[in-house]
Amino acid sequence: MAVAFAVRVVSFSRYLHLEHLGLDVDAALGAELFSQIVAPTMAERTIFYVSVALVPIGVALMVLAWRRRSVAGR
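Residues numbered from 1 in each chain as written. Predicted model: local features only at pLDDT ≥ 70, side-chain atom pairs only at ≥ 80, totals over all residues. Heavy atoms only, no water.

Before going further, it helps to examine the pattern of salt bridges. On inspection of all chains with the given rule, the structure shows one salt bridge. The partner of R14 in a salt bridge is E44, with the nearest N and O atoms 3.1 Å apart. Of this pair, R14 sits in helix α1 (residues 2-21) while E44 is found in helix α3 (residues 42-72), placing the two residues 30 residues apart along the sequence. Here R14 falls in the partly exposed class, since its relative accessible area comes to 22%. (Salt bridge = Lys/Arg side-chain N within 4 Å of Asp/Glu carboxyl O. Helix = DSSP H or I, 4+ residues; strand = E, 2+ residues; numbered from the N terminus. Buried < 20%, exposed > 50% of the residue type's maximum accessible area, 1.4 Å probe, protein only.)

This is how it looks when you write it as structure tokens:
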């Protein structure tokens with residue numbers, strides 16, 4: 001969840017940086033240009049998908065630890 005939030009914040013900060021530069025962009029190209037610049041990079045996508053993949057692994061390890069703890073407590 002935190003990684004998804006961080007990726008969105010980075011994209012939004014790039015957008016705000018471009019807005020504050022005040023560059024005059026053709027209206028026909030403006031939306032497309034901004035969407036390409038603010039889109040998450042390959043590195044950001046990779047970090048996001050790796051973190052999403054680690055969530056089920058973490059949950060599985062947590063369940064295994066919980067089961068071991070309950071068996072050891074008997």
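Attention now goes to the confidence of the model for the protein chain. Averaged over every residue, the pLDDT of the protein chain is 80; residues scoring 70 or more account for 82%. The lowest-confidence element of the protein chain is helix α2 (residues 27-38), averaging 69 in pLDDT; the highest-confidence one is α3, averaging 88. (pLDDT = per-residue confidence, 0-100.)

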